[in-house]
Amino acid sequence: MWKRIDHQPKMKAGDGPQAGQFKSLSSAQESAVPHSLELSEFQSFPVFEDISRHIKEVGAQLVKKVNAIFQLDITKNGKTILQWTIDLKNGPGDMYPGSARVPADTFFTIPEPIFMELVLGKMNPQKAFLAGKFKVSGKVLLGQKLERVFKDWAKL
(Lines give C-alpha, C1' and ligand atoms only; values in the text may rest on other atoms or scores of the structure.)
Protein backbone atom coordinates (compact mmCIF):
# COMPACT_ATOMS: atom_id res chain seq x y z
CA MET A 1 0.00 0.00 0.00
CA TRP A 2 1.27 3.52 -0.82
CA LYS A 3 1.67 6.02 1.96
CA ARG A 4 1.92 9.81 1.75
CA ILE A 5 5.18 11.01 3.24
CA ASP A 6 5.16 14.69 2.27
CA HIS A 7 2.82 15.70 5.13
CA GLN A 8 1.08 18.27 2.97
CA PRO A 9 -2.69 18.57 3.22
CA LYS A 10 -4.74 17.17 0.36
CA MET A 11 -6.16 19.82 -1.96
CA LYS A 12 -9.89 19.99 -2.60
CA ALA A 13 -11.67 21.42 -5.64
CA GLY A 14 -11.44 25.21 -5.53
CA ASP A 15 -8.35 25.21 -3.30
CA GLY A 16 -6.05 26.58 -6.04
CA PRO A 17 -3.53 29.36 -5.57
CA GLN A 18 -4.96 32.78 -4.84
CA ALA A 19 -4.38 35.73 -7.15
CA GLY A 20 -0.97 37.26 -6.59
CA GLN A 21 0.27 34.27 -4.56
CA PHE A 22 2.95 33.40 -7.13
CA LYS A 23 5.28 35.88 -8.74
CA SER A 24 6.01 35.78 -12.46
CA LEU A 25 9.29 34.18 -13.50
CA SER A 26 9.31 35.76 -16.95
CA SER A 27 11.18 38.83 -15.73
CA ALA A 28 13.91 36.60 -14.30
CA GLN A 29 14.56 34.78 -17.56
CA GLU A 30 17.20 36.20 -19.87
CA SER A 31 16.18 36.59 -23.47
CA ALA A 32 18.48 35.23 -26.16
CA VAL A 33 17.45 38.17 -28.34
CA PRO A 34 18.82 41.48 -27.03
CA HIS A 35 16.89 44.73 -27.12
CA SER A 36 16.82 46.50 -30.49
CA LEU A 37 19.25 49.20 -29.33
CA GLU A 38 21.89 46.53 -28.78
CA LEU A 39 21.38 44.70 -32.09
CA SER A 40 23.51 47.12 -34.07
CA GLU A 41 26.51 46.01 -32.01
CA PHE A 42 26.54 42.56 -33.65
CA GLN A 43 28.25 42.23 -37.02
CA SER A 44 25.96 39.31 -37.92
CA PHE A 45 22.69 41.19 -37.38
CA PRO A 46 22.68 43.03 -40.77
CA VAL A 47 23.47 39.69 -42.45
CA PHE A 48 20.48 38.08 -40.75
CA GLU A 49 18.23 40.97 -41.79
CA ASP A 50 19.39 40.67 -45.40
CA ILE A 51 18.92 36.89 -45.46
CA SER A 52 15.47 37.42 -43.96
CA ARG A 53 14.53 39.78 -46.84
CA HIS A 54 15.84 37.18 -49.32
CA ILE A 55 13.68 34.47 -47.70
CA LYS A 56 10.61 36.72 -47.86
CA GLU A 57 11.21 37.13 -51.62
CA VAL A 58 11.89 33.49 -52.57
CA GLY A 59 10.65 31.63 -49.48
CA ALA A 60 7.94 29.62 -51.24
CA GLN A 61 10.52 28.12 -53.62
CA LEU A 62 12.89 27.41 -50.73
CA VAL A 63 10.15 25.66 -48.74
CA LYS A 64 9.69 23.21 -51.63
CA LYS A 65 13.45 22.53 -51.83
CA VAL A 66 14.45 22.57 -48.15
CA ASN A 67 11.42 21.53 -46.04
CA ALA A 68 13.15 22.10 -42.67
CA ILE A 69 13.34 24.46 -39.70
CA PHE A 70 16.75 25.65 -38.48
CA GLN A 71 17.59 27.39 -35.24
CA LEU A 72 20.87 29.30 -35.11
CA ASP A 73 22.36 30.24 -31.77
CA ILE A 74 25.12 32.78 -32.33
CA THR A 75 27.58 32.85 -29.46
CA LYS A 76 30.29 35.09 -28.07
CA ASN A 77 32.62 33.84 -25.33
CA GLY A 78 30.47 30.71 -25.01
CA LYS A 79 27.20 32.59 -24.35
CA THR A 80 24.31 32.93 -26.80
CA ILE A 81 24.09 36.55 -27.96
CA LEU A 82 21.66 36.15 -30.86
CA GLN A 83 19.14 33.50 -31.76
CA TRP A 84 17.44 33.23 -35.16
CA THR A 85 15.05 30.72 -36.65
CA ILE A 86 14.82 29.97 -40.36
CA ASP A 87 11.49 28.26 -41.09
CA LEU A 88 11.60 26.75 -44.56
CA LYS A 89 8.95 24.15 -43.80
CA ASN A 90 5.73 26.07 -43.17
CA GLY A 91 3.77 28.41 -45.44
CA PRO A 92 5.85 30.75 -47.61
CA GLY A 93 8.91 30.44 -45.37
CA ASP A 94 10.03 32.84 -42.68
CA MET A 95 13.06 33.99 -40.72
CA TYR A 96 12.68 35.66 -37.36
CA PRO A 97 14.73 36.46 -34.25
CA GLY A 98 14.30 34.12 -31.30
CA SER A 99 13.85 30.42 -30.77
CA ALA A 100 11.76 28.26 -33.07
CA ARG A 101 7.99 28.57 -32.56
CA VAL A 102 7.60 24.91 -33.52
CA PRO A 103 10.28 22.27 -32.94
CA ALA A 104 13.31 22.89 -35.15
CA ASP A 105 14.81 20.07 -37.20
CA THR A 106 18.41 21.24 -36.84
CA PHE A 107 20.14 23.42 -34.24
CA PHE A 108 23.40 25.26 -34.85
CA THR A 109 25.56 26.78 -32.13
CA ILE A 110 28.08 29.01 -33.88
CA PRO A 111 30.50 31.68 -32.61
CA GLU A 112 29.76 34.97 -34.39
CA PRO A 113 33.14 35.27 -36.20
CA ILE A 114 32.80 31.71 -37.54
CA PHE A 115 29.23 32.42 -38.69
CA MET A 116 30.40 35.48 -40.58
CA GLU A 117 33.17 33.51 -42.32
CA LEU A 118 30.69 30.76 -43.24
CA VAL A 119 28.02 33.01 -44.76
CA LEU A 120 30.57 35.14 -46.60
CA GLY A 121 32.07 32.00 -48.16
CA LYS A 122 35.47 32.38 -46.50
CA MET A 123 35.21 29.03 -44.70
CA ASN A 124 34.02 25.60 -45.84
CA PRO A 125 31.10 24.53 -43.59
CA GLN A 126 31.94 20.81 -43.68
CA LYS A 127 35.59 21.39 -42.77
CA ALA A 128 34.62 23.87 -40.05
CA PHE A 129 32.13 21.39 -38.54
CA LEU A 130 34.63 18.53 -38.63
CA ALA A 131 37.25 20.78 -37.04
CA GLY A 132 34.81 21.53 -34.18
CA LYS A 133 34.42 25.23 -35.00
CA PHE A 134 30.64 24.99 -34.41
CA LYS A 135 28.11 22.48 -33.11
CA VAL A 136 25.10 20.93 -34.85
CA SER A 137 22.37 18.86 -33.27
CA GLY A 138 19.21 17.30 -34.60
CA LYS A 139 19.12 16.30 -38.26
CA VAL A 140 22.71 17.17 -39.11
CA LEU A 141 22.47 16.37 -42.84
CA LEU A 142 19.85 19.11 -43.31
CA GLY A 143 22.70 21.57 -42.72
CA GLN A 144 23.74 21.03 -46.33
CA LYS A 145 20.40 22.45 -47.47
CA LEU A 146 20.94 25.52 -45.31
CA GLU A 147 24.37 25.92 -46.87
CA ARG A 148 22.68 26.17 -50.30
CA VAL A 149 20.33 28.86 -48.96
CA PHE A 150 23.33 30.90 -47.77
CA LYS A 151 25.12 30.39 -51.10
CA ASP A 152 22.05 31.58 -53.05
CA TRP A 153 21.86 34.64 -50.81
CA ALA A 154 25.60 35.35 -51.25
CA LYS A 155 25.19 35.46 -55.05
CA LEU A 156 22.88 38.48 -54.76
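Residues numbered from 1 in each chain as written. Predicted model: local features only at pLDDT ≥ 70, side-chain atom pairs only at ≥ 80, totals over all residues. Heavy atoms only, no water.

Caption draft 1: Here's a closer look at the pattern of salt bridges. Applying the stated criterion to the full structure yields 6 salt bridges. Of the charged contacts in the structure, one is a salt bridge between Asp105 and Lys89, with a shortest N-O distance of 3.1 Å. Within this pair, whereas Asp105 is found in the loop between strand S3 (94-97) and strand S4 (106-111), its partner Lys89 is found in the loop between strand S2 (79-88) and S3, the two being separated by 16 residues in sequence. Given a relative accessible area of 32%, Lys89 falls into the partly exposed group. The residue Lys139 makes a salt bridge to Asp105 at a minimum N-O spacing of 3.9 Å. Of this pair, Lys139 sits in the loop between strand S5 (135-138) and helix H5 (143-155) while Asp105 is found in the loop between S3 and S4, placing the two residues 34 residues apart along the sequence. For Asp105, a relative accessible area of 10% translates into the label buried. One connected set of salt bridges, linked through shared partners, spans Lys56, Asp94 and Arg101. (Salt bridge = Lys/Arg side-chain N within 4 Å of Asp/Glu carboxyl O. Helix = DSSP H or I, 4+ residues; strand = E, 2+ residues; numbered from the N terminus. Buried < 20%, exposed > 50% of the residue type's maximum accessible area, 1.4 Å probe, protein only.)

Caption draft 2: Representation of the sheet that holds S4 in the model. Reading across the sheet, the 5 strands line up as S3-S2-S1-S4-S5 and stay open at both edges, with mixed pairing between neighbours. Each edge of the sheet is formed by a strand with only one pairing partner; in this case those strands are S3 and S5. Ignoring strand direction, the axes of neighbouring strands in this sheet form an average angle of 15°. Relative to S2, helix H2 (residues 45-66) is tilted by about 30°, and along the sheet it contacts strand S1 (68-76), S2 and S3. The strands that H5 touches are S1, S2 and S4; relative to S1, the one it contacts most, it runs at about 75°. (Pairing = 2+ DSSP bridges. Axes fitted to C-alpha atoms, helices over the stretch in contact; angles between N-to-C directions. Contact = heavy atoms within 4.5 Å.)

Caption draft 3: Quick look at a nonpolar patch on the surface. A cluster of nonpolar side chains, contributed by Phe129, Leu130 and Val140, occupies part of the molecular surface with about 290 Å² of accessible area. On the secondary structure map, Leu130 appears in helix H4 (residues 125-130). Leu130 gets classed as exposed once you look at its relative accessible area, which sits at 73%. (Patch = residues over 30% accessible without salt bridge, like charges linked within 9 Å, V, L, I, M, F, W, Y side chains within 5 Å. Areas by Shrake-Rupley, 256 points an atom, 1.4 Å probe, with all protein chains shown as cover.)

Caption draft 4: Focus on the layout of surface pockets. Approximately 420 Å³ is the volume found for the largest pocket. What lines the largest pocket is a set of 24 residues, and nearest its centre among them are Pro125, Gln126, Phe134, Gly143 and Glu147. Elements represented by at least two residues in the lining of the largest pocket include exactly S4, helix H3 (112-119), H4 and H5. It is H5 that contributes the most residues to the lining of the largest pocket, 7 residues altogether. Taken together, the residues of the lining of the largest pocket sort by class into 18 nonpolar, 4 polar and 2 charged. (1 Å grid on protein atoms, 1.4 Å probe; cavity = no way out; pocket = protein on both sides within 12 Å on 5 of 7 lines; lining within 4 Å. Points joined across faces, edges and corners; volume = space filled by probe spheres on them. Nonpolar A, V, L, I, M, F, W, Y, C, P; charged D, E, K, R; others polar.)

Bear in mind that shape data such as this cannot, by itself, settle questions of function.
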